[in-house]
Amino acid sequence: MKPVVLYNLCDILTSHDLLRSTQNVSIREQVIVFLQIISQNQRFRFITDIHYRSVETIHHYFRIVLKAVLKLYKHLIKDLGDTVPAEIMNNQRFYPYFKL
């Protein structure tokens, strides 16, 4: 991930008031730890060696960032209602799965 993308993600989470910096852990570090765990399938114990934090701290902030990222769906996914796009409705391969 490029640094610009990381900074943008941190800005989005901050602007929507989903994450806050604490006295000990910055928002950037919280997001980096979260991304390391999910992208590389790392164990909490392995991450503690890299960031010099306890397993409890890593677990705590992982859950906070996970909840924040899950709340982003309200801002990123638009509900189109009950409409089905024409290219799906006219295609017999896909339409059975989108019947109303």
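Refer to the structure printed above.
Keep in mind the model is a prediction, meaning the values are calculated, not measured. (Residues numbered from 1 in each chain as written. Predicted model: local features only at pLDDT ≥ 70, side-chain atom pairs only at ≥ 80, totals over all residues. Heavy atoms only, no water.)

What follows is about the pattern of salt bridges. Side-chain pairing between opposite charges can occur once the charged atoms of the two side chains come close. Counted according to the given criterion, the structure contains one salt bridge. Among the ionic pairs, Asp 17 bridges to Arg 20, the shortest N-O distance being 3.2 Å. Judged by relative accessible area, Asp 17 falls into the partly exposed class, the value being 47%. (Salt bridge = Lys/Arg side-chain N within 4 Å of Asp/Glu carboxyl O. Buried < 20%, exposed > 50% of the residue type's maximum accessible area, 1.4 Å probe, protein only.)

Looking now at a positive patch on the surface. A grouping of Arg 63, Lys 67, Lys 71 and Lys 74 is seen on the molecular surface, where their side chains present a positively charged patch. Considering each element in turn, the positive patch owes the most residues, three residues, to helix α4 (residues 55–71). Tracing the backbone through its elements, the reader meets Arg 63 in helix α4. The class of Arg 63 is partly exposed, set by a relative accessible area of 42%. (Patch = residues over 30% accessible without salt bridge, like charges linked within 9 Å, V, L, I, M, F, W, Y side chains within 5 Å. Areas by Shrake-Rupley, 256 points an atom, 1.4 Å probe, with all protein chains shown as cover. Lys, Arg positive; Asp, Glu negative; His and termini not counted. Charge placed at Lys NZ, Arg CZ, Asp CG, Glu CD. Helix = DSSP H or I, 4+ residues; strand = E, 2+ residues; numbered from the N terminus.)

What follows concerns the nonpolar core. Within the largest apolar cluster, 16 residues are counted, with the highest numbers of intra-cluster contacts made by Leu 13, Leu 19, Val 31 and Ile 37. Among the secondary structure elements, those contributing two or more residues to this core are α1 (3–15), α2 (27–40) and α4. The element that contributes the greatest number of residues to this core is α2, accounting for six residues. (Core = buried A, V, L, I, M, F, W, Y, C linked by side-chain atoms within 4.5 Å.)

Once that is clear, we can look at the environment of Ile 12. Along the polypeptide, Ile 12 turns up in helix α1. For Ile 12, a relative accessible area of 35% gives the class partly exposed. Along the sequence, Ile 12 and Leu 72 sit 60 residues apart, while their C-alpha atoms lie 8.9 Å from each other.

With that settled, the discussion passes to the packing of α1 against α2. Interhelical geometry of α1 versus α2 gives an angle of 115° and a closest axis separation of 10 Å. Accordingly, the angle class assigned to the pair α1 and α2 is roughly perpendicular. The two elements α1 and α2 cross, and the hand of that crossing is right-handed. In contact with Leu 6, Tyr 7, Leu 9, Cys 10, Leu 13 and Thr 14 of α1, α2 contributes Ile 27, Arg 28, Val 31, Ile 32 and Leu 35. By residue class, the composition of the contact of α1 with α2 is nine nonpolar, one polar and one charged. (Axes fitted to C-alpha atoms, helices over the stretch in contact; angles between N-to-C directions. Parallel < 35°, antiparallel > 145°, perpendicular 65-115°, else oblique. Left-handed = near helix turned anticlockwise from the far one by under 90°. Contact = heavy atoms within 4.5 Å. Nonpolar A, V, L, I, M, F, W, Y, C, P; charged D, E, K, R; others polar.)

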